[in-house]
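# Notes for the structure review
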Amino acid sequence: MIKDVFPIIRTVLGYADPRLVEHASLCVIRTIESFRSHPELLEGLVDTVLLRALMAAAVSPGTFTLVLRALSSATKSSPKITLALLEADVAGTLYQLLTGVVPPADGLDVFIVGEGAISGAAGAGGLTDMAVMQNLAHRPKDQVEEALSLVSELMPPLPRGTCLMVVYVKLGLSWVGFGRRRI
Amino acid sequence: MGLVDGVFDHRAYSEKALARLVRAKIKAIKHARTRSPNPSAGPSTSADAMVVDINVEDAGTATPIAAPGSATPRPGSPALRPMSPVHPGTPPILPGSPSIRPTSPGAPVVPVPSRTELLRAKPEFVGRYIRLMVPVLVDVYAASVATQTRSKSLTGILKAVSFAEGEEVNAILKVSLSHECFVGSEIKDIVQGVPVATFVGSILSSREYPTLTICALQLVELLLIKAPTVYKPALRREGVLHEIEVLADRPLTTKTKEAKTEEGSSRGKAEDLALARAKLEEVRVKQEEGVQVHAEPKISTSSPSPAPEPSSERDESPNADREREEREKERHVIPIPVKRSSNTVLDPQDAITLRAKIVRFKYMSGGEESTSDPVFERLRGLLATLRDPGAGEMELRNSVKGIAALFAGGAGASVSSYELLKSGLVEGLLHFTTDTSLSREFFFSLVLVMLTGMECMKWT
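Residues numbered from 1 in each chain as written. Chains lettered and ligands numbered in written order. Predicted model: local features only at pLDDT ≥ 70, side-chain atom pairs only at ≥ 80, totals over all residues. Heavy atoms only, no water.

### Focus: the packing of aromatic side chains
Residue and element names in this part refer to chain B. Enumeration according to the criterion identifies one aromatic pair over all chains in this entry. Relative to F199, the ring of Y141 lies with its centre 5.1 Å away and its plane at 85°, an arrangement referred to as edge-to-face. Highlighted residues: Y141 in helix α5 (residues 123-143) and F199 in helix α8 (residues 196-206), separated in sequence by 58 residues. With a relative accessible area of 5%, Y141 lands in the buried category. In this structure, R120 packs its charged tip against the face of F163, placed 4.0 Å from the ring centre. Above the plane of the ring of Y141 lies R150, whose end atom (NZ or CZ) is 4.5 Å from the centre. (Phe/Tyr/Trp six-rings, centres within 6.5 Å; stacked < 30°, edge-to-face > 60°. Helix = DSSP H or I, 4+ residues; strand = E, 2+ residues; numbered from the N terminus. Buried < 20%, exposed > 50% of the residue type's maximum accessible area, 1.4 Å probe, protein only. Lys NZ or Arg CZ within 6 Å of the ring centre and 35° of its normal.)

Have a look at this one:
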C-alpha cells in the first residue's frame with residue numbers, strides 16, 4: 001500500500017507549494033524512520049529517483065536536518081540505499097551544504113594553487129578555508145552535525161574488528177574505555 | 001588488507017603486543033642468522049615477514065564485529081590464521097562470508113554481498129564521493145572546535161583512507177609539499193591538494209583530545225602501510241615522526257586496580273620488556289659485528305596477565321556503580337553501546353603512548369631513519385655558513401640567497417614549520433643580523449639581496 005503511494009509522494013516533492021513539499025518530505029522521513037529496521041522493505045520504497053527529489057526539495061532548515069537524519073538511518077540500514085544515494089549525487093549535495101559552493105564536475109580536477117590558506121576543498125572552488133568556516137558558521141549547528149553523520153555513514157566501513165575509542169568525561173578526569181561498536 | 005585491519009584493533013596496541021613483536025623480531029633475526037651462511041646477510045626481510053605475520057596474528061586475535069550490512073564472520077577463519085602470508089591486495093575471504101540467506105528449504109542459498117563488496121563494485125561513484133568529501137572533511141576539521149565535529153570528520157577521513165588502495169590514496173589526498181624529496185629524484189605533479197602530513201602533524205602536536213590523537217596515529221599508520229615511499233618523507237618533514245618519537249618515549253602511567261594489586265608483576269613485566277628491547281639492540285649490534293648471540297631474552301609469560309575486564313567487574317562496588325551512572329550522563333562523544341564484558345579501562349595517554357611505541361617499532365626502527373631530509377640539511381648547511389666567522393662575502397651572499405630561495409616557494413623546495421623550528425633558522429638569522437663584525441654596507445646589501453630575491457621569485 002505504501003509502495004503504491006510513494007510515486008505520488010515523490011511527485012508532490014517537486015510541487016511549487018512549500019507547504020505541500022514540507023508535508024511530503026515529512027511523510028517520507030517518517031516512513032524511512034519507521035522502516036529503518038527492515039532494510040528489505042526500505043529498499044523497495046526508496047530508490048534513486050525518490051532520493052534525488054527528497055534532497056532537491058525546498059524545505060525549511062529544520063526539515064532538511066530531519067531529511068539528513070533519515071538518510072543516515074536509511075544508509076546505516078541498507079548498503080543498497082547507500083549506493084542509491086551515491087548514484088543520486090548525494091556527494092554534490094553534501095559538498096554544497098558544507099562548503100557553500102557547487103562541486104566541480106569531475107572530482108579529479110586539479111586544485112588551484114593560490115594565495116592564502118588554500119587547503120582541502122578550497123582549491124577546487126577557488127575558496128579559502130576561511131570561506132568554508134564562514135559557510136559552516138551560517139548553517140545551523142545540528143544540520144552540520146547531521147550532514148557529517150551522513151558523510152560518515154556513506155563512507156565505506158572500517159575493517160572488521162574495529163573497536164572505537166569511548167571517552168568518558170567525569171569531573172575532569174578522562175578515561176578511555178574500549179568498546180566494540182559497529183561503524 | 002590484513003595489515004589495515006589490525007590498525008583499528010586496540011588489542012594489537014598493548015604492552016603485551018609490543019613485547020610479542022619485540023620477541024618475534026629477536027627470534028626472526030636469530031633464525032635468519034642460523035639459516036643463512038652469511039650471518040650479516042638479510043635478516044631484516046625475514047624479520048619483517050615475521051613482524052608482518054605477527055601483525056596478522058594480532059589482528060586475528062580480535063573477535064570481529066560485523067558492520068551494518070556486512071557479512072557475519074566466523075571466528076577462527078583461515079584468513080586470520082597466525083603465520084599465514086599476508087596478501088595486501090586481496091580482501092580477506094572468510095568462511096561464512098558473505099552471509100548466507102536461504103530463501104526456502106532446499107532452495108539454493110543466495111550469498112548476500114557485504115557493504116564493502118557492494119561499494120567496491122561501484123568504484124566510479126564511491127571514488128568520486130571520497131575524492132570530493134575528504135578535502136571537505138579536512139576543512140571542516142580545521143574550521144570547527146567542537147570535539148564531536150572534529151571526531152566525526154576524522155572518522156570519515158579514516159574510513160576513506162582505509163578503503164582506498166594503491167594509487168587511490170594519492171588520488172584522494174594528492175599530497176604535494178616539496179616533491180624533490182619524494183621517490184628519489186622523481187618530481188611528481190605539483191598539485192596542491194590535501195596537506196595530509198601538515199594536517200596530521202597539527203593534530204599530534206596539539207594533543208588536545210586523546211581520541212583525536214589516536215585517530216591521527218591510526219591515519220599515520222594507514223599512510224605508512226599504503227604508500228610509505230610517498231608519505232614517509234612528508235611525515236618526516238612535517239615533524240610527525242618526531243612527534244611519534246616524543247609520544248613513544250613517554251613513561252606509562254596506567255595504574256588500574258589490577259595493576260595496583262599486581263604491581264610487582266607489572267613492574268617485572270615492564271622490566272622484562274625493557275630487557276627484551278635491550279637484547280634486541282644487543283643482537284643487532286652483535287650481528288653487525290658477526291658475533292653469534294646465544295642468550296634468549298627472558299620475557300615472563302608464565303605470570304598471569306592482568307585481566308582488567310572481569311576483574312573490574314568483580315571489584316565493582318556501589319560507589320563504582322554510582323560513578324558509572326554519572327559517567328553515562330556525562331558521556332561525551334560518538335554514541336556507543338558498550339558491552340561491559342568487553343571493556344578494558346585504560347588511561348588515554350597510555351593508549352596513545354603504547355600505540356606510538358608500536359608504530360615506531362613497526363615503521364620507524366629501520367636503518368632508513370638515518371636518511372636525512374635534503375631540505376633540512378640544506379638549510380642547516382646554509383646556516384652553518386652564516387655562522388662561520390671565516391666565511392667570505394661571496395659565501396655569505398650565496399647563503400643568504402639560498403635561504404631566500406627556500407622561502408620563495410614556487411617550483412622549488414619549501415620549508416615546513418617543523419624544519420624551520422628544528423634547524424634553528426630564526427636564531428641563526430638573529431645571530432647573523434646582530435653580528436657586529438659585519439660592516440654596515442655589506443649587511444644592508446645582503447638584506448637587499450634577500451628581499452629582492454624573495455620578491456622576484458614571488459612574482460615569477
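Still to come is the rest of the account.
### Some thoughts on helix α7 (residues 90-99) of chain A
Among the 10 residues that make up α7 of chain A, eight are buried, leaving the element largely enclosed by the rest of the structure. The set of residues buried in α7 of chain A consists of V90, A91, G92, L94, Y95, L97, L98 and T99 of chain A.

### With respect to the side chain of T82 of chain A
Relative to the elements of secondary structure, T82 of chain A occurs in helix α6 (residues 79-87). At a separation of 3.4 Å, a polar atom in the side chain of T82 of chain A contacts the main-chain carbonyl oxygen of T75 of chain A. Setting aside residues no more than four positions away along its own chain, T82 of chain A makes contact with T75 and L154 of chain A together with R115 and L119 of chain B. (Polar contact = N/O pair within 3.5 Å; in protein donor to acceptor, adjacent residues only side chain to side chain. Contact = heavy atoms within 4.5 Å.)

### Regarding helix α9 (residues 210-226) of chain B
Over its 17 residues, α9 of chain B extends 24 Å from the first C-alpha to the last, a length consistent with the 24 Å expected when each residue adds 1.5 Å. For α9 of chain B, a buried count of 17 out of 17 residues is recorded, marking the element as mostly surrounded by other parts of the structure. (Expected span 1.5 Å × (residues − 1).)

### A few points about the packing of helix α1 (residues 2-12) of chain A against helix α2 (residues 18-34) of chain A
Residue and element names in this part refer to chain A. In the contact formed by α1 and α2, the axes pass within 9 Å of each other and the chain directions differ by 145°. As for the relative orientation of α1 and α2, their crossing is left-handed in sense. Seen from α1, the contacting residues are I2, F6, I9 and V12; seen from α2, they are L20, V21, A24, C27, V28 and T31. The residue makeup of the contact of α1 with α2, split by class, is nine nonpolar, one polar and no charged. (Axes fitted to C-alpha atoms, helices over the stretch in contact; angles between N-to-C directions. Left-handed = near helix turned anticlockwise from the far one by under 90°. Nonpolar A, V, L, I, M, F, W, Y, C, P; charged D, E, K, R; others polar.)

### A closer look at the packing of α9 of chain B against helix α10 (residues 228-237) of chain B
Residues and elements named next belong to chain B. Close contact between α9 and α10 brings their axes to 6 Å; oriented N to C, the two are set at 135°. Accordingly, the angle class assigned to the pair α9 and α10 is oblique. Note on element contacts: α10 touches α9 through P228, Y231, K232 and L235, opposite V220, L223, L224, I225 and K226. (Parallel < 35°, antiparallel > 145°, perpendicular 65-115°, else oblique.)

### Here we look at the nonpolar core
L94 and L98 of chain A together with Y129 and I244 of chain B are the most contacted members of the largest nonpolar core, which totals 119 residues. For L94 of chain A, the residues in contact, after removing those within four places along its chain, are L68, A147, L150, V151 and L154 of chain A together with Y129 and M133 of chain B. One finds L379, L382, L386 and V415 of chain B within the second-largest nonpolar core, a separate group that totals 13 residues. (Core = buried A, V, L, I, M, F, W, Y, C linked by side-chain atoms within 4.5 Å.)

### Looking at the side chain of S399 of chain B
Tracing the backbone shows S399 of chain B in helix α18 (residues 393-408). Using a relative accessible area of 3% as the deciding quantity, one classes S399 of chain B as buried.

### Topic: the confidence of the model for chain A
All names here are of chain A. With 74% of its residues at a pLDDT of 70 or more, chain A has an overall mean of 80. Overall, residues 107-119 carries pLDDT values under 50, and its contacts beyond four positions in sequence, including any with other chains, amount to 27 contacts. Confidence drops under pLDDT 50 across residues 165-183; counting only partners more than four residues distant or on other chains, this segment forms 77 contacts. (pLDDT = per-residue confidence, 0-100.)

### Remarks on the pattern of salt bridges
For the coordinates displayed, the defined rule picks out 11 salt bridges over all chains. Salt-bridge contacts for D89 of chain A lead to R128 of chain B; the nearest nitrogen and oxygen are separated by 2.9 Å. With one member in each of two chains, D89 of chain A in the loop between α6 and α7 and R128 of chain B in helix α5 form a pair that bridges those chains. The network of salt bridges with shared partners includes E245, D249 and R360 of chain B. (Salt bridge = Lys/Arg side-chain N within 4 Å of Asp/Glu carboxyl O.)

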